[in-house]
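Chain residues, written in single-letter form:
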Amino acid sequence: MGEEGTGGSVHLLCLAASSGVPLFCRSSRGGAPSRQQLPFSVIGSLNGVHMFGQNLEVQLSSARTKDTTVVWKSFHDSITLIVLSSEEGTSELKLERLLQMVFGAMEALSGFAEAMGTGFVSLMVSGRVVSATEGWWRLGTPEAVLLPWLVGSLPPQAARDYPVYLPHGSPTVPHRLLTLTLLPGLELCLLCGPRPPLSQLGPQLLERWWQPVLDPLRACLPLGPRGLPYGFPLHKDILGLLLLHLELKRCLFTVEPLGDKGPSPEQRRRLLRHFYALVTSTHFPPEPLEKVEDDVSRAQLPRACYLVLGPGEPGTGLRLIALQLGLRLLLLLLAPQSPTHGLRSLATHTLHTLSPLL
Amino acid sequence: MARPPAHGSVVVPDWHETTEGKEYLACILRKSRRRVFGLLERPVLPPPVAIDTASYKIFVSGKSGVGKTALVAKLAGLEVPLVHHETTGIQTTVVFWPAKLQASNRVIMFRFEFWDCGESALKKFDHMLLACKENTDAFLFLFSFTDRASFEDLPGQLARIAGEAPGVVRMVIGSKFDQYMHTDVPERDLTAFRQAWQLPLLRVKSVPGRRLADGRTLDGWAGLADIAHVLNGLAEQLWHQDQVAAGLLPTSAENTPS
Ligand SMILES: Nc1nc2c(ncn2[C@@H]2O[C@H](COP(=O)(O)OP(=O)(O)OP(=O)(O)O)[C@@H](O)[C@H]2O)c(=O)[nH]1
Ligand SMILES: [Mg+2]
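Model, not experiment: these values are computed from the prediction.

What counts, and at which threshold
Residues numbered from 1 in each chain as written. Chains lettered and ligands numbered in written order. Predicted model: local features only at pLDDT ≥ 70, side-chain atom pairs only at ≥ 80, totals over all residues. Heavy atoms only, no water. Helix = DSSP H or I, 4+ residues; strand = E, 2+ residues; numbered from the N terminus. Buried < 20%, exposed > 50% of the residue type's maximum accessible area, 1.4 Å probe, protein only. Areas by Shrake-Rupley, 256 points an atom, 1.4 Å probe, with all protein chains shown as cover. Rg over C-alpha atoms; globule rule 2.2 N^0.38 Å. Contact = heavy atoms within 4.5 Å. Near = heavy atom within 4 Å. Polar contact = N/O pair within 3.5 Å; in protein donor to acceptor, adjacent residues only side chain to side chain. Buried area = accessible area lost by both parts, 1.4 Å probe. Salt bridge = Lys/Arg side-chain N within 4 Å of Asp/Glu carboxyl O. Domains from an automatic or database assignment. pLDDT = per-residue confidence, 0-100. Patch = residues over 30% accessible without salt bridge, like charges linked within 9 Å, V, L, I, M, F, W, Y side chains within 5 Å. Lys, Arg positive; Asp, Glu negative; His and termini not counted. Charge placed at Lys NZ, Arg CZ, Asp CG, Glu CD. Pairing = 2+ DSSP bridges. Axes fitted to C-alpha atoms, helices over the stretch in contact; angles between N-to-C directions. UniProt positions renumbered as here; feature names shortened; annotations may be inferred. Donors = N, O, S within 2.8 Å, 3.2 Å for Na, K, Ca; no water. Disulfide = S-S within 2.5 Å. Phe/Tyr/Trp six-rings, centres within 6.5 Å; stacked < 30°, edge-to-face > 60°. Lys NZ or Arg CZ within 6 Å of the ring centre and 35° of its normal.

(A) Representation of the overall build of chain A within the structure. Looking only at helices and strands, chain A has eleven helices and 16 strands in total. Split into buried and exposed, the 358 residues of chain A put 48% on the buried side. Split by element, the accessible area of chain A, about 17500 Å² in all, is 58% carbon and sulfur.

Here it is as structure tokens:
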């Protein structure tokens, strides 16, 4: 990570603590903003070691190489900030203070939720939740799925105040779903009772809370259609993917990972959906493997299966592979040129690359 | 209550068609399409030009199916719904509109926030009507040229909705004017209504406008030309109302009709 030249450089990374999704990265060299970016693999490893420690209840707070100091800090279990500095005279304390300040700006989501008197707040891009409060993540399955669908399917509006009946949580008494389009395509969603009135969420209040975090908000926008942060390395043969975390009951899904050559997004989505129905009904249980008590039957469960679409089917030659490792199930749709003997290693590699995200 | 200003007396009516007007309008368009602004955004004019923004809340009221949602979509340059889906709650839409004032030659950026709520939601949930009425600067009362009952309901609407808000701008809009051939509301009834109520009355056609060469995207410039009279009308009424409220203009009592 060493830098030549004087002045040294500073990189600041902000990641969602639960998923590891990078929210934004900032770099400077000699005190001036720079466009230089850390490779994705480095970001992944930096987050990885920190998470690894956390899982063992070890708090990794800083590290030093010959010329670089790294400081990690998690805030409210929602955000991890990492700063790397090769500036001369850098101290861990100074960097930690920097992270505190950055987090001051990042506190918007939870602070905002608290100020609005609701525990259920999320940010959505094209009907996908990119960030949410703990309360929102804990919503029951029907509403956790239906609310983003509803928001993603409505024509654009600056704001909405819709009565919603929650099939699981409150089927007879309506709650209010408030949505606020902060940037085109990016909606702040609140689930609440009689308060606050929509009129309270006027432009002044929104600016006060969200203008300071405009950069991280803009960084969320590409997550919409692609579902993955910019620069995320994926094999070029991958036309679509579905990654499920069986315990967290969250998924990561995209049919537009790279270009738009090949089958249409609708066709990709259809193929993945059918394949998912097929593998979960025949090979993989949709519940975590841990629930399968019997060791023998556990050993007999397959870990991967694939199929190649035959002639006569739309999309002849396309490949589909499913791979289950631990609590994660990955389904890939691949271009016809992808060699079948390499499918399994490609899927394994992709699953490892995606694991920090989900 | 201030008498409404005469058409064209407050803002320059066809300014949006002039070269200067088009330069200003360019900031609410991008590549000939209407721009959509997030709540944290606003139009940016080229650096030397800085103009004031005047923000207003406008509550759009009227019977179910008269075309409230369609009108607001048309004003925002979005696709208008072709079939009627009841609006199940409140939805707001922001429209920016630069206009030039007659008196001072100043250009003002108007920011209209339209509050649209489906009629049945409004009836079912009391808090929705309260939220829509709270601190509103104007009421738009819609009736449809193809629905006689919606026209006859206007006096009732005016009393129910705007009864306790005497100082607020009230405008009446006849929608589905493109269906005028089949109208249930003849001109003489409109004349009588206007005489009785002394309210500004506009006619609109909330139908999809011209499209760009790709055949899909709505042509932003054409869309603006379709709705300029509505936005100018609103700007005029609201600006005038502000001037009266600030004591800068004589009120109607002293202002004998010419
Ligand atoms: N031809 C024509 N159709 C219109 C016009 N305005 C609205 N419509 C149609 O009338 C129907 C109802 O319009 P909406 O805008 O959904 O009605 P609404 O007033 O919002 O109704 P609620 O939400 O139920 O209160 C839709 O099918 C529109 O396409 C218009 O100016 N011309
Ligand atoms: Mg409607």
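That covers the picture; the talk isn't over yet.
(B) Local environment of the overall build of chain B. Counting secondary structure elements, chain B contains eight helices and eight strands. The C-alpha atoms of chain B give a radius of gyration of 18 Å, which matches the 18 Å a tight globule of 258 residues would have. In terms of its C-alpha atoms, chain B occupies a principal-axis envelope of roughly 50 × 50 × 40 Å. Burial statistics for chain B: of 258 residues in total, 50% are counted as buried. Long-range pairs, those at least 24 residues apart, make up 74% of the contacts in chain B between residues at least 6 apart in sequence. When the accessible surface of chain B is split by element, carbon and sulfur atoms take 53% of a total near 12200 Å².

(C) View of the site of ligand 1. Residue and element names in this part refer to chain B. Taken together, 22 residues lie around ligand 1, and Ser 64, Lys 68, Pro 81, Asp 178 and Ser 206 are the ones closest in. Note that an oxygen atom of ligand 1 is positioned 3.0 Å from one of the side-chain N or O atoms of Thr 87. In the complex, 91% of the free accessible area of ligand 1, which totals 660 Å², lies under the protein chains. Among the elements that take part in the shell around ligand 1, helix 2 (residues 68–76) stands out by supplying three residues, more than any other.

(D) Just the interface of chain B and chain A, in detail. On the chain A side, the residues contacting the 21 residues of chain B number 26 residues. Together, the buried faces of chain B and chain A total about 2000 Å²; carbon and sulfur atoms form 60% of this surface. Among the ionic pairs, Glu 207 of chain A bridges to Arg 42 of chain B, the shortest N-O distance being 3.4 Å. Summed over the shared surface of chain B and chain A, the result is ten residue pairs in polar contact (both at pLDDT 80 or more). Secondary-structure elements contributing two or more residues to the side of chain B that touches chain A are strand 4 (90–100), strand 5 (107–117) and helix 4 (126–133) of chain B.

(E) Layout of the domain arrangement of chain A. For chain A, the assigned domains are domain 1 (9–104), domain 2 (110–225) and domain 3 (234–357). Put simply, the middle of domain 1 of chain A and the middle of domain 2 of chain A, counted by C-alpha atoms, are 28 Å apart.

(F) Region of the structure containing the confidence of the model for chain A. With 86% of its residues at a pLDDT of 70 or more, chain A has an overall mean of 82. Residue range residues 1–5 of chain A is modelled with pLDDT below 50. Its contacts to residues more than four positions away, or to other chains, number eleven contacts.

(G) Representation of a positive patch on the surface. All names here are of chain B. A surface patch of like charges, here positive, comprises Arg 30, Lys 31, Arg 33 and Arg 216. Note that Lys 31 resides in the loop between strand 1 (29–30) and strand 2 (33–34). The exposure class assigned to Lys 31 is exposed, which follows from its relative accessible area of 75%.

(H) Examining unusual backbone geometry more closely. Cis geometry marks the peptide bond from Arg 195 of chain A to Pro 196 of chain A, where omega comes out at -5 degrees. Mapped onto the fold, Pro 196 of chain A is located in the loop between strand 11 (186–192) and helix 6 (203–210). You will see that Lys 31 of chain B, though not glycine, has its phi angle at about 50 degrees, which is positive. The backbone of Asn 135 of chain B shows a phi angle near 55 degrees, a positive value even though the residue is not glycine. Within the secondary structure layout, Asn 135 of chain B lies in the loop between helix 4 and strand 6 (138–144).

(I) Looking closely at the sheet that holds strand 13 (residues 250–254) of chain A. Residue and element names in this part refer to chain A. In space, the five strands of this open sheet follow the order 13-12-16-15-14, with antiparallel pairing throughout. Either end of the sheet is taken by a strand with one partner, and the two such strands are strand 13 and strand 14 (304–308). Across the sheet, the mean angle from the axis of one strand to that of its neighbour is 10 degrees, orientation sign disregarded. Note: strand 12 (residues 238–245) against strand 16 (residues 328–334), seven bridges, orientation antiparallel.

(J) Representation of the UniProt feature "domain: FUZ/MON1/HPS1 second Longin" (unreviewed entry) in chain A within the structure. The positions that UniProt labels "domain: FUZ/MON1/HPS1 second Longin" (unreviewed entry) are, in the present scheme, residues 120–211 of chain A. Regarding residues 120–211 of chain A, the helix share stands at 27% and the strand share at 43%, and the terminal C-alpha atoms are separated by 21 Å.

(K) Highlighting the sheet that holds strand 7 (residues 169–175) of chain B. Reading across from one edge, 8(A)-7(A)-11(A)-10(A)-9(A)-4(B)-5(B)-3(B)-6(B)-7(B)-8(B) is the order of the eleven strands in this open sheet, with mixed pairing throughout. Of all the strands in the sheet, the pair left with one neighbour each is strand 8 (128–132) of chain A together with strand 8 (201–203) of chain B. On average, adjacent strands in this sheet sit at an angle of 25 degrees to one another, irrespective of strand direction. Pairing of strand 3 (residues 53–61) of chain B with strand 6 of chain B involves four bridges; the strand directions are parallel. Across the sheet, residue Val 60 of chain B finds its bridge partner in strand 6 of chain B, namely Leu 140 of chain B.

(L) Inspection of the coordination of the magnesium ion (ligand 2) at higher detail. Protein ligation of the magnesium ion (ligand 2) involves Thr 69 of chain B (OG1) and Thr 87 of chain B (OG1), the donor distances falling in the range 2.0 Å. Residue Thr 69 of chain B is located in helix 2, and its partner Thr 87 of chain B is located in the loop between helix 2 and strand 4; the two are separated by 18 residues in the primary sequence.

(M) How the structure looks around the state of the cysteines. Scanning the entire structure with this criterion turns up zero disulfides over all chains. Considering cysteine sulfurs only, Cys 117 of chain B is the nearest to Cys 132 of chain B, which forms no disulfide, with 4.8 Å between them.

(N) The arrangement of the packing of aromatic side chains in detail. Residue and element names in this part refer to chain B. Under the defined criterion, the tally for this structure stands at 17 aromatic pairs over all chains. With a centroid separation of 5.1 Å and an interplanar angle of 65 degrees, the aromatic rings of Phe 143 and Phe 151 are classed as edge-to-face. Classification of Phe 143 by relative accessible area gives buried; the value is 0%. Under the relative-accessibility criterion, Phe 151 is labelled buried at 7%. Three or more aromatic residues joined by ring pairs form one cluster here, namely Phe 143, Phe 145, Phe 151, Phe 177, Tyr 180, Phe 193 and Trp 197. In this structure, Lys 57 is placed above the aromatic ring of Trp 115, and the distance from its NZ or CZ to the ring centre is 3.9 Å.

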